[in-house]
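Coordinate analysis (summary)
For reference, the chains in residue letters:
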Amino acid sequence: MYVATILKEKGSHVVTSGVNDSVRHVVRLLTEYRIGAAVVLDEGGGVAGIFSERDIVRGLREHGSRMLDLPVQALMTSEVVTCTLKDSITSVMELMTRRRFRHVPVVEDGALVGIISIGDVVKNRLAECTLEVDSLKEYVSTSR
Ligand code: AMP
């Protein structure tokens, strides 16, 4: 199974913000869309960073509630690990486990075309496991 398969089902919409948007604005986006991270875009529309719930927690520890008025670029992670449509779900899952993050933006030719979250990966694995169990049950019952 590939990243493209998941995006075909869930769509390519990604919640984004600009580098100069305030943390307050991005927090509002995260709650409004009930998601854990937003991709931060530079003025040219390229991926400049990613900002997640973890960054809010770290920001609170470092700046207190003043962090809400900081531009998101002050707290985002700038070195974003991305994947492509052709990557396998297994490789994205390994990436998330090894690097300890739960979101991987999908980039093709420099353009943001989607995002894979750990929830998408778990949902996909669960569907695959169910399919495997069902076909094994079928195999066992027909070969008796
Ligand atoms: P998460 O587990 O996705 O909420 O993110 C945990 C930490 O990793 C936060 O500091 C994020 O900014 C950062 N992060 C999340 N996704 C990525 C990614 N794809 N590449 C680099 N850093 C990331």
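Residues numbered from 1 in each chain as written. Predicted model: local features only at pLDDT ≥ 70, side-chain atom pairs only at ≥ 80, totals over all residues. Heavy atoms only, no water.

Among the residues making up helix α1 (residues 3–10), those that are buried are Val3, Ile6 and Leu7. Seen end-on, α1 carries its buried residues on one side only, within an arc spanning 95 degrees. The outward face of α1, more than 90 degrees from its buried face, is lined by the exposed residues Lys8 and Glu9. Along its buried surface, α1 packs onto α4 (89–99), β4 (103–108), β5 (111–117) and α5 (118–142). Trailing α1 by a residue or two, Gly11 shows a phi angle of about 95 degrees, which is positive. (Buried < 20%, exposed > 50% of the residue type's maximum accessible area, 1.4 Å probe, protein only. Helix = DSSP H or I, 4+ residues; strand = E, 2+ residues; numbered from the N terminus. Arc of directions from axis to C-beta. Contact = heavy atoms within 4.5 Å.)

Before going further, it helps to spend a moment on the site of the ligand. In the neighbourhood of the ligand, 13 residues make up the surrounding shell, with Ser52, Asp55, Thr77, Arg102 and His103 lying closest. In the environment of the ligand, a nitrogen atom lies 2.8 Å from a nitrogen or oxygen atom belonging to the backbone of Val81. One of the side-chain N or O atoms of His103 is found 2.6 Å from an oxygen atom in the ligand. When the free accessible area of the ligand is taken as 480 Å², the share hidden by the protein chains comes to 91%. Applying the majority rule of atoms within 2 Å of the grid points places the ligand in the largest pocket. Mapped onto the shell around the ligand, the elements with two or more residues apiece are β3 (47–52), α3 (53–63) and β4. Along the lines of polarity and charge, the residues of the shell around the ligand split into six nonpolar, three polar and four charged. (Near = heavy atom within 4 Å. Polar contact = N/O pair within 3.5 Å; in protein donor to acceptor, adjacent residues only side chain to side chain. Areas by Shrake-Rupley, 256 points an atom, 1.4 Å probe, with all protein chains shown as cover. 1 Å grid on protein atoms, 1.4 Å probe; cavity = no way out; pocket = protein on both sides within 12 Å on 5 of 7 lines; lining within 4 Å. Sits in = over half its atoms within 2 Å of the grid points. Nonpolar A, V, L, I, M, F, W, Y, C, P; charged D, E, K, R; others polar.)

We now examine the sheet that holds strand β1 (residues 16–18). Read from one edge of the open sheet, three strands run β1-β2-β3, paired in mixed fashion. Looking at which strands have only one partner, the edges of the open sheet turn out to be β1 and β3. Strand-to-strand, the axes of this sheet are offset by a mean angle of 30 degrees, without reference to chain direction. (Pairing = 2+ DSSP bridges. Axes fitted to C-alpha atoms, helices over the stretch in contact; angles between N-to-C directions.)

Enumeration over the complete set of coordinates arrives at seven salt bridges. A salt bridge links Glu9 to Lys123; its shortest N-O distance comes to 3.4 Å. Of this pair, Glu9 sits in helix α1 while Lys123 sits in helix α5, placing them 114 residues apart in sequence. The pair Glu9 / Lys123 is uniform in exposure class, with both members exposed. Among the ionic pairs, Glu53 bridges to Arg102, the shortest N-O distance being 3.7 Å. Residue Glu53 is located in helix α3, and its partner Arg102 is located in the loop between α4 and β4; the two are separated by 49 residues in the primary sequence. (Salt bridge = Lys/Arg side-chain N within 4 Å of Asp/Glu carboxyl O.)

The values are spatial; any link to function lies outside them.
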